[in-house]
Amino acid sequence: MLEFFMYTCPHCKNLDPKLQEWAKKLPENVKFHHMPAMFGGSANLHAKTYFALEVMGEAKRLHKPFFKAIHEQKRRLRNQKDIEKFLAENDVDLDKFRAAMKSFTVQTKANRAAALMRRYGIRSVPSMVVDGRYRIKNTPTVLETTDMLIEKTIADRK
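As a starting point, this report considers the structure included with it. (Residues numbered from 1 in each chain as written. Predicted model: local features only at pLDDT ≥ 70, side-chain atom pairs only at ≥ 80, totals over all residues. Heavy atoms only, no water.)

1. Things to note about the layout of surface pockets
Then, number 1: The space that makes up the largest pocket amounts to roughly 610 Å³.
Then, number 2: As for the largest pocket, its lining consists of 22 residues, of which Q20, F32, H34, Y50 and K60 are closest to the centre.
Then, number 3: Only α1 (10-24), β2 (33-36), α2 (42-56), α3 (59-71) and α6 (104-120) provide two or more residues apiece to the lining of the largest pocket.
Then, number 4: A per-element tally of the lining of the largest pocket places α3 first, with 6 residues.
Then, number 5: Class assignment of the residues belonging to the lining of the largest pocket gives a composition of 10 nonpolar, 4 polar and 8 charged.
Then, number 6: The calculated volume of the second largest pocket comes to roughly 220 Å³. (1 Å grid on protein atoms, 1.4 Å probe; cavity = no way out; pocket = protein on both sides within 12 Å on 5 of 7 lines; lining within 4 Å. Points joined across faces, edges and corners; volume = space filled by probe spheres on them. Helix = DSSP H or I, 4+ residues; strand = E, 2+ residues; numbered from the N terminus. Nonpolar A, V, L, I, M, F, W, Y, C, P; charged D, E, K, R; others polar.)

2. Digging into α2
Then, number 1: With 15 residues, α2 ought to run about 21 Å at 1.5 Å a step, and its terminal C-alpha atoms sit 21 Å apart, in line with that.
Then, number 2: Those residues of α2 lying buried are A43, L45, H46, A47, T49, Y50, F51, A52 and L53.
Then, number 3: Looking at the packing, one finds that the buried side of α2 touches β1 (2-5), β2, α3, α4 (80-89), α5 (94-101) and α6.
Then, number 4: Looking at the residues trailing α2, positive phi occurs at G57, about 80 degrees. (Expected span 1.5 Å × (residues − 1). Buried < 20%, exposed > 50% of the residue type's maximum accessible area, 1.4 Å probe, protein only. Contact = heavy atoms within 4.5 Å.)

3. Things to note about the packing of aromatic side chains
Then, number 1: Within this structure, the stated rule accounts for 8 aromatic pairs.
Then, number 2: When the ring of Y7 is compared with that of F66, the centres are 4.4 Å apart and the planes differ by 45 degrees; the resulting orientation is tilted. Remark: F66 occurs in helix α3 and Y7 occurs in the loop between β1 and α1; sequence separation between them is 59 residues. Across the pair, F66 and Y7 agree in class, each one buried.
Then, number 3: A centroid spacing of 5.9 Å and a plane angle of 70 degrees characterise the contact between Y50 and F51, whose relative ring orientation is edge-to-face.
Then, number 4: The rings of F5, Y7, Y50, F51, F66, F67 and F86 are connected pair by pair, giving a single aromatic cluster. (Phe/Tyr/Trp six-rings, centres within 6.5 Å; stacked < 30°, edge-to-face > 60°.)

4. Observations regarding the sheet that holds strand β4 (residues 134-137)
Then, number 1: Ordered by their spatial adjacency, 4 strands build an open sheet running β2-β1-β3-β4, and the pairing between neighbours is mixed. Whereas interior strands pair on both sides, the edge strands pair on one side only; in this sheet they are β2 and β4. Taking the axes of each pair of neighbouring strands and ignoring which way they run, one obtains an average angle of 25 degrees across the sheet.
Then, number 2: Two elements, β1 and strand β3 (residues 127-130), share 3 bridges in a ladder whose sense is antiparallel. (Pairing = 2+ DSSP bridges. Axes fitted to C-alpha atoms, helices over the stretch in contact; angles between N-to-C directions.)

Geometry only, nothing functional implied.
See below:
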């Protein structure tokens, strides 16, 4: 189960608190993953930043503050310098961050995200993908629809 998102997307920011609570209630056999969208430009930089923070064990801690910086504090965060300033303010080791950004792991995760977007036809965010078969675009009932498709997938496997 994947959620494709972008930090600059106001719909993603608004969905995220509900999504975090919803994800806590998923069945044990359902794995939920955030997948930053690779639409080019700052979206790719933000995606690689997310993956670098994930490698460092900091993605979960900084996910909400990253949204907040862009949407509530109106920070641009469109280049490496601005992102590093934000990260330094949040006690991230910049040497480790820079090393992670250049790592094979982050490059592989970014390439995989771009490939998955093509595979699932992701053209807007937020979008959910269940079992690699169902794509759900953002609607007022996105989580309910996702729940229904998760239940259907589990039932189909029995």
